[in-house]
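Inside the fold
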Amino acid sequence: MPVTGLPPYDEGNIFARILRGEIPCRKVFENEHALAFHDINPQAPIHVLVIPKAPFVSAADFHAGADDATIAGFWRAVGQVARDLGLEPKGYRLLANMGHDGGQEVPHFHVHLFGGRPIGRMVPGA
Ligand code: AMP
């Protein structure tokens, strides 16, 4: 069970299907901990999603429930993807939506990586 009010992990969610190879993605990175691929509806010149391979619904679920090696492996992968994409000199933004108020649509934990231009305000309307 997830640790938040979100439903249990849904094996039919779109990222689970990508992980199983049932639907394609534009992959940029993969190791035993993480898969990274281009967002289908990019909000910046570079908009990549990094997802853990293990089935966690949300950021809360992942950080409370994953073991240390899984958490470290995932976040190291996020850093490597940004480096591999050449984003470190100019910078980038990481974002993880969690649950209803966070605007999370896909119930498999994921981190958005935005870059390629100044990303602007941290929170729209702020
Ligand atoms: P979130 O609102 O944080 O759950 O973001 C989910 C993201 O997944 C959105 O930015 C979508 O554009 C993206 N997305 C949904 N389906 C796909 C897909 N098949 N391939 C790549 N990105 C997707």
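Scope of this entry: the structure provided in the associated data block.

Quick look at the pairing of strand β5 (residues 111–115)
Side chains on a regular strand alternate between the two faces of the sheet. Most of β5 is tucked away, with five of its five residues classed as buried. Of the two faces of β5, the one lined by Val111, Leu113 and Gly115 and the one lined by His112 and Phe114 are each fully buried. Examined bridge by bridge, strand β4 (residues 93–95) and β5 share three bridges and lie antiparallel to one another. By the bridge assignment for β5, leucine 95 is matched with histidine 112.

Regarding the packing of aromatic side chains
Following the criterion strictly, the structure yields six aromatic pairs and no others. Their ring planes at 70° and their centres at 5.3 Å tell us that phenylalanine 62 and phenylalanine 74 sit as a pair that is edge-to-face. You can see phenylalanine 62 sitting in helix α2 (residues 59–65) and its partner phenylalanine 74 sitting in helix α3 (residues 68–84), a full twelve residues away along the chain. With respect to class, phenylalanine 62 is no different from phenylalanine 74; both count as buried. For the pair phenylalanine 74 and phenylalanine 109, a centre-to-centre distance of 5.2 Å together with 50° between the ring planes defines the contact as tilted. Linking phenylalanine 74 in helix α3 with phenylalanine 109 in the loop between α4 (99–102) and β5, this pair joins segments that are 35 residues apart in sequence.

Focus: the side chain of serine 58
Among the secondary structure elements, serine 58 is positioned in the loop between β3 (46–52) and α2. Exposure remark for serine 58: the relative accessible area of 0% places this residue in the buried category. Of the polar contacts made by the side chain of serine 58, one reaches the backbone nitrogen of alanine 60; its length is 3.3 Å. Separated by 3.1 Å, the side chain of serine 58 and the backbone nitrogen of aspartate 61 make a polar contact.

Definitions and cut-offs
- Residues numbered from 1 in each chain as written.
- Predicted model: local features only at pLDDT ≥ 70, side-chain atom pairs only at ≥ 80, totals over all residues.
- Heavy atoms only, no water.
- Buried < 20%, exposed > 50% of the residue type's maximum accessible area, 1.4 Å probe, protein only.
- Helix = DSSP H or I, 4+ residues; strand = E, 2+ residues; numbered from the N terminus.
- Pairing = 2+ DSSP bridges.
- Phe/Tyr/Trp six-rings, centres within 6.5 Å; stacked < 30°, edge-to-face > 60°.
- Polar contact = N/O pair within 3.5 Å; in protein donor to acceptor, adjacent residues only side chain to side chain.

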